[in-house]
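# Structure assessment
One-letter residues, chain by chain:
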Amino acid sequence: MTTTITTDDGVRLSCTEYVPSEESAAPVLLLHGLAGHTAEWDVLAGLLGPAYRRVGYDARGHGLSDRRPKDVSRAAHVRDAVAVAGQLALTRPVLIGQSLGGLTALLTAAAHPCLVRALVLVEAGPRGPAPELPGKIGAWLDSWPIPFESAEAAARFFGGGPAGLAWAAGLEARSDGLYPRVERDVMVDCVAESAVRSFWREWDQVRCPTLVVRGEAGSMPASEADEMRVRRPAGTRVEAVPGAGHDVHLDRPAELRALIEEFLSATPG
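Everything quoted here is computed from the prediction, not taken from an experiment.

### Observations regarding the overall build of the protein
- The secondary structure content of the protein amounts to 12 helices and 10 strands.
- In terms of C-alpha radius of gyration, the protein reaches 17 Å, essentially the compact-globule figure of 18 Å for 269 residues.
- Across the 269 residues in the protein, those meeting the buried criterion constitute 55%.
- The contacts in the protein between residues at least 6 apart in sequence include a share of 74% that link residues at least 24 apart.
- Here the protein displays about 11400 Å² of accessible surface, and carbon together with sulfur accounts for 54% of that area.
- Distance between charge centres in the protein, computed from 27 positive and 34 negative side chains, equals 4 Å.

In structure tokens, the structure reads:
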């Protein structure tokens, strides 16, 4: 079920609610990563099932949401998460975020401690600054052979397998091929703050239970996850998923589901 909400600064966000869900379902808000789209969560949402009220949305500048918002700061993304939770009546949701969506989840929990029941951060943490990041993202997007001639060609370009298929599914079909649903300069702007600062201060402000999930072959250093646990030993659990890369939710959704359900079973509602 798809709906659209409008934020206070006039940005339209495309939201997806996975049905069915039980009357007593625990609310879960799913936040995708940079240049992604909320349908990346389809398999995991299906595995979690109706015991959870599962809602995702295309972040501003992504997918079916407004593509060129004026503000793509971290604060704007936090306001969006709060707006979606509020307008769709998600009471104390669990925030599950991957990569840049995980950073949004972390910052939302830090700024609004009463809003969030728990965090699941997938390949996401507070490290920085990373001055090379904007250039790296720009070069990556410049490497896309646009337009892609077919979904099969796009899936191969993105590495094949479930992750490649999911990335290809986020493209827009036009008469001459497949195009991204993101703008290069907007994506670079989305990572501008991570280039110049870290978010350890915000991590120290998080009060809810947190599950940090790394892909064994992902891009999140074990040292970052370990420092997160050291700084918040009572409230942080760290896991590494064998055989998974940066897109753990796509590479190993069943293993991720098992970790999430075990974690939430021990987390007060």
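After that view, the rundown keeps rolling.
### Some details on the environment of Gly-177
- For Gly-177, the location among the structural elements is in strand β8 (residues 177-179).
- On a C-alpha basis, the gap between Gly-177 and Pro-147 in space is 5.2 Å, while along the polypeptide they are 30 residues apart.
- Discounting residues that sit within four places of it in the chain, Gly-177 has contacts with Pro-147, Phe-148 and Glu-172.

### Remarks on the nonpolar core
- Ranked by internal contacts, the top residues of the largest apolar core, which has 57 residues, are Leu-29, Val-84, Leu-119 and Met-187.
- The greatest single-element share of this core, amounting to seven residues, is contributed by helix α3 (residues 100-111).
- Residues in contact with Leu-119, not counting those within four places in the same chain, are Leu-95, Ala-105, Leu-106, Ala-109, Val-206, Cys-208, Pro-209, Thr-210, Leu-211 and Phe-263.
- If you look at the next biggest cluster of nonpolar residues, it comprises 24 residues, including Tyr-18, Val-28, Ala-244 and Leu-256.

### A few points about the packing of aromatic side chains
- Applying the stated criterion to the full structure yields nine aromatic pairs.
- Clustering of aromatic rings is evident, with ring pairs tying together Trp-140, Trp-144, Phe-148, Phe-157, Phe-158 and Trp-167.
- Its guanidinium or amino end placed over the ring of Tyr-179, Arg-174 lies 4.1 Å from that ring's centre, counting from NZ or CZ.
- A cation over an aromatic ring shows up here: Arg-232 above the ring of Trp-203, its NZ or CZ 4.8 Å from the ring centre.

### Notes on the packing of helix α2 (residues 74-87) against α3
- Where α2 meets α3, the closest approach of the two axes is 9 Å, and the angle between their N-to-C directions is 75°. Comparing their axes, α3 and α2 come out roughly perpendicular. Side by side, α2 and α3 meet where Arg-74, His-77, Val-78, Ala-81 and Val-82 of the first sit next to Leu-100, Leu-103, Thr-104, Leu-107 and Thr-108 of the second.
- Here the residues of the contact of α2 with α3 are counted per class, giving six nonpolar, three polar and one charged.

### Comments concerning the pairing of strand β2 (residues 12-18)
- A large share of β2 lies buried, amounting to six of its seven residues.
- Here strand β1 (residues 2-6) pairs with β2 via five bridges, running antiparallel. When the sheet's bridge partners are listed, Thr-2 is paired in β2 with Thr-16.
- Between β1 and β2, which follow one another and run antiparallel, lie five residues, and Gly-10 among them has a positive phi close to 85°.
- Relative to strand β4 (residues 52-57), β2 runs antiparallel, the two being bridged by four bridges.

### Observations concerning the state of the cysteines
- Under the counting rule described, the total for this entry stands at zero disulfides.
- Not engaged in a disulfide, the cysteine Cys-15 finds its nearest cysteine sulfur in Cys-190; these two sulfurs lie 17 Å apart.
- Cys-114 takes part in no disulfide bond, and the closest cysteine sulfur to it belongs to Cys-208, at a distance of 11 Å.

### Let's talk about unusual backbone geometry
- In this structure, Pro-20 follows Val-19 across a cis peptide bond, with omega equal to 0°.
- Take Pro-20: it is sitting in the loop between β2 and β3 (26-31).
- Phi angles above zero are rare outside glycine, and Arg-92 is one such case at about 45°.
- Of note, Arg-92 is situated in the loop between α2 and β5 (94-98).

Calculation criteria
- Residues numbered from 1 in each chain as written.
- Predicted model: local features only at pLDDT ≥ 70, side-chain atom pairs only at ≥ 80, totals over all residues.
- Heavy atoms only, no water.
- Helix = DSSP H or I, 4+ residues; strand = E, 2+ residues; numbered from the N terminus.
- Rg over C-alpha atoms; globule rule 2.2 N^0.38 Å.
- Buried < 20%, exposed > 50% of the residue type's maximum accessible area, 1.4 Å probe, protein only.
- Contact = heavy atoms within 4.5 Å.
- Areas by Shrake-Rupley, 256 points an atom, 1.4 Å probe, with all protein chains shown as cover.
- Lys, Arg positive; Asp, Glu negative; His and termini not counted.
- Charge placed at Lys NZ, Arg CZ, Asp CG, Glu CD.
- Core = buried A, V, L, I, M, F, W, Y, C linked by side-chain atoms within 4.5 Å.
- Phe/Tyr/Trp six-rings, centres within 6.5 Å; stacked < 30°, edge-to-face > 60°.
- Lys NZ or Arg CZ within 6 Å of the ring centre and 35° of its normal.
- Axes fitted to C-alpha atoms, helices over the stretch in contact; angles between N-to-C directions.
- Parallel < 35°, antiparallel > 145°, perpendicular 65-115°, else oblique.
- Nonpolar A, V, L, I, M, F, W, Y, C, P; charged D, E, K, R; others polar.
- Pairing = 2+ DSSP bridges.
- Disulfide = S-S within 2.5 Å.

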